[in-house]
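Working through the structure, step by step
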Amino acid sequence: MMIMAGRQQNPRIVMVRYGELFLKSDPVKYHFIGILLRNIRRALEAAGHSCTFESPRGRIFVAGKKPEEIAAIISRVFGIVDVSICTRVDSTPEALRDAAVSLALSRLHPPCRFAVRAKRQSKTGMNSQQLGEYVGSAIYDAIPGLSVDLSDPEYELFVEVRDCGGLVYDARIPAPGGLPWGSQGKVLGLLSSGIDSPVASWLAMKRGCEVSHLHMDGGRWAGGDVRETAIENHRRLSLWCPGADLQMIIADTEPFYDRMQELRIPARLRCVLCKRFMLRAAGSLCGREGARAILTGENLGQVASQTLANLAVISDATPVPVLRPLITYDKAETVTLARKIETFVEKQGDLACRAVPRMPATAATSLAVKECETTLGIDELLDTVLSRVRYVTARNGKIL
Ligand code: ATP
Ligand code: MG
C-alpha cells in the first residue's frame, strides 16, 4: 500500500478532541474549555498563525492557513487527547461521500484493506452503519483492487455528521491528554540537571499545573555542567507550554555548602540537610511566586536521601505540600518517559555533586538534623541565598 499526500478542494480545518474535561459538570467544563482555548490561541499566536476558532459541543475547531503546522503545535497542548485534520463539507451523505472518495483517491493505492468509520451527532437520516456502508462502497467502486476489512484495516477513513457540518479525515494525531496548563494553579518545581525532575515537571504540567522552576546552584560544589544542564532541562520543558513564559529561579547556594564544611557538620547528614534546605528555599519562594505546592523528582529508594525515613524528615522542613509524581516509578520507566517527552539529555557531562559523602545517612533523625541547622544558622543562610536569585525565562524552546 502506498500513501501519498493529496490536494483537497474543500476547506480543511483542525479538529481538537479533549478527554477528561467531558467528565466535569457543565460550569467546570466551560471554565476548563476557556483555559484550553486560551492555551491553544497563545500557542498558535506565538508561532505566527492567525486562526479562527469554534467550540461546538465536545470539540474545538481551528481554521487557519497551514493545518499541518497548526495540528503539530496543538498536539503539544495539555488537555487535548488528539487532533485530526478534517475536510469540512455539508452534512449530506452525498457531500461526505464525495469528500471521502477524494481523500481516499489521494491517499490509497491498492491492494489495501480499508474501513470507513461513521459517526452521527443527530439521529435523523441514515444511521451510522448505513452511512459507513454508503461511503465505503463509493470508495470501493472508485478505486479498483481495494478490500473492505472492518476488524484489521490498513487504512481507516472517518466520516462524522455533526451539527456544525460534515467532517472527513483519516488520521488522529495523538496529543498528551491531561488537563489544561494553569487549570490547577501554580507549583514550584525543584529542577536539577538530572533525568527525574524534568519528568516530574512534565507530569505536573500534564495534570494542569502552571509550573515555575527553582534551581539551587551549588557553584563550585556542583559538577561543572550542572547549571547549564538544568537550564537546558528548563528550555526543553518550555516546548510543552507553547507560547507561555516558563520561569526559572536560580539561587546561588554555594554559601550553604561552604558553611557545612566550615562548621564540620557530620558528612553523613549532608544530603538530608541539603534537601531540607532546598525545600525551605522553595517553601519561602512559593509565597512570593503564588505557588501552592513544591514539586520534586524524588523517588522511593533511588538514593540514600530517598528512604521513607529520610523523606519524612525532609518534608518536615516546610509546611508547603510537596508533590512527588515519580515516587513509585522505576528508573527505567522514568527514562522511557524522559525520552518520549524529549527531556532526556543524551550527553551527560560533569554532573557529580562534590558534597555527597561516601556513606550518607539512610535514616537521619529529626533531632540530629535540627541541631545541625541551629549550628548552621539556617534562617540567616536562607536569607542570604534568597537575596541572590536570578530569573531565567524560556518560551517555545528558547531562553529569552
Ligand atoms: P533528578 O532526581 O532530577 O534526576 P538528581 O538525581 O541530580 O536529579 P536527586 O539527588 O535525586 O537529584 O534529588 C532529588 C530531587 O531534588 C530532584 O528530583 C530535584 O527535584 C531536587 N533537586 C536535586 N538537586 C537540585 C538542584 N540543584 N536544584 C533544584 N532541585 C534539585
Ligand atoms: Mg534523582
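Not measured: the values here are computed from a predicted model.

Criteria and cut-off values
- Residues numbered from 1 in each chain as written.
- Chains lettered and ligands numbered in written order.
- Predicted model: local features only at pLDDT ≥ 70, side-chain atom pairs only at ≥ 80, totals over all residues.
- Heavy atoms only, no water.
- Axes fitted to C-alpha atoms, helices over the stretch in contact; angles between N-to-C directions.
- Helix = DSSP H or I, 4+ residues; strand = E, 2+ residues; numbered from the N terminus.
- Parallel < 35°, antiparallel > 145°, perpendicular 65-115°, else oblique.
- Left-handed = near helix turned anticlockwise from the far one by under 90°.
- Contact = heavy atoms within 4.5 Å.
- Nonpolar A, V, L, I, M, F, W, Y, C, P; charged D, E, K, R; others polar.
- pLDDT = per-residue confidence, 0-100.
- 1 Å grid on protein atoms, 1.4 Å probe; cavity = no way out; pocket = protein on both sides within 12 Å on 5 of 7 lines; lining within 4 Å.
- Points joined across faces, edges and corners; volume = space filled by probe spheres on them.
- Donors = N, O, S within 2.8 Å, 3.2 Å for Na, K, Ca; no water.
- Buried < 20%, exposed > 50% of the residue type's maximum accessible area, 1.4 Å probe, protein only.
- Salt bridge = Lys/Arg side-chain N within 4 Å of Asp/Glu carboxyl O.
- Pairing = 2+ DSSP bridges.
- Right-handed = clockwise from strand over helix to strand, strands pointing away.

1. Concerning the packing of helix H8 (residues 270–289) against helix H9 (residues 308–315)
For the pair H8 and H9, the least separation of the axes is 8 Å and the interaxial angle reads 40 degrees. Here H8 lies oblique to H9, going by the angle between them. Judged by the twist between their axes, the crossing of H8 over H9 is right-handed. Listed contacts from H9 to Val 272, Lys 275, Arg 276 and Leu 279 of H8 are Asn 310, Val 313, Ile 314 and Ser 315. Partitioned by chemical class, the residues of the contact of H8 with H9 number four nonpolar, two polar and two charged.

2. As for the confidence of the model for the protein
For any part of a model where pLDDT is low, the fine detail of the predicted coordinates should not be relied upon. Counting all residues, the mean pLDDT for the protein is 94, and 98% of those residues have values of 70 or more. When the criterion is pLDDT under 50, residues 1–8 qualifies, and its contacts beyond four places in sequence or with other chains add up to 20 contacts.

3. So, the layout of surface pockets
Approximately 1,000 Å³ is the volume attributed to the largest pocket. Lining the largest pocket are 40 residues, with Ser 192, Lys 275, Met 278, Gln 306 and Cys 353 positioned closest to its centre. Of all elements in the fold, only helix H5 (196–206), strand S11 (210–217) and H8 reach the threshold of two or more residues within the lining of the largest pocket. By residue number, the principal contributor to the lining of the largest pocket is H8, which donates six residues. Among the residues forming the lining of the largest pocket, the class breakdown is 22 nonpolar, 13 polar and five charged.

4. Topic: the coordination of the magnesium ion (ligand 2)
Taken together, Asp 196 (OD) and Gln 302 (OE1) make up the full set of protein donors to the magnesium ion (ligand 2), lying 2.3 to 2.7 Å away. In this pair, Asp 196 is assigned in helix H5 and Gln 302 in the loop between strand S13 (293–295) and H9, connecting sequence segments 106 residues apart. Judged by its relative accessible area of 8%, Asp 196 falls in the buried class. Taking the relative accessible area as the measure of exposure, Gln 302 reaches 30% and is therefore partly exposed.

5. Points about the pattern of salt bridges
Taken as a whole and judged by the stated rule, the model has 29 salt bridges. Residue Arg 113 is joined to Glu 154 by a salt bridge in which the shortest nitrogen-to-oxygen separation is 3.8 Å. On the criterion of sequence distance, the pair formed by Arg 113 in strand S5 (residues 112–120) and Glu 154 in the loop between strand S6 (146–148) and strand S7 (155–162) is long-range, its members being 41 residues apart. Judged by relative accessible area, which is 38%, Glu 154 ranks as partly exposed. Between Lys 331 and Asp 196 there is a salt bridge, and its shortest N-O distance comes to 2.7 Å. Of this pair, Lys 331 sits in helix H10 (residues 331–340) while Asp 196 sits in helix H5, placing them 135 residues apart in sequence. According to the relative accessible area criterion, Lys 331 is partly exposed, its value standing at 38%. The network of salt bridges with shared partners includes Arg 113, Asp 149, Asp 152 and Glu 154.

6. Notes on the pairing of S11
In terms of residue burial, S11 counts as a mostly covered element, since seven of its eight residues are buried. The sheet contact formed by strand S10 (residues 186–190) and S11 spans five bridges and is parallel. Along S11, the bridge assignment pairs Val 187 with Val 211. Taking the sense of rotation as the criterion, the β-α-β connection linking S10, H5 and S11 turns out right-handed. Examined bridge by bridge, S11 and strand S12 (residues 246–252) share five bridges and lie parallel to one another.

7. Observations concerning the sheet that holds S10
Sheets are built from strands paired through backbone hydrogen bonds, the pairs being either parallel or antiparallel. Strand order in this open sheet of seven strands is S14-S13-S10-S11-S12-S15-S16, and the pairing throughout is mixed. Edge strands, defined here as strands with exactly one partner in the open sheet, are strand S14 (322–323) and strand S16 (398–399).

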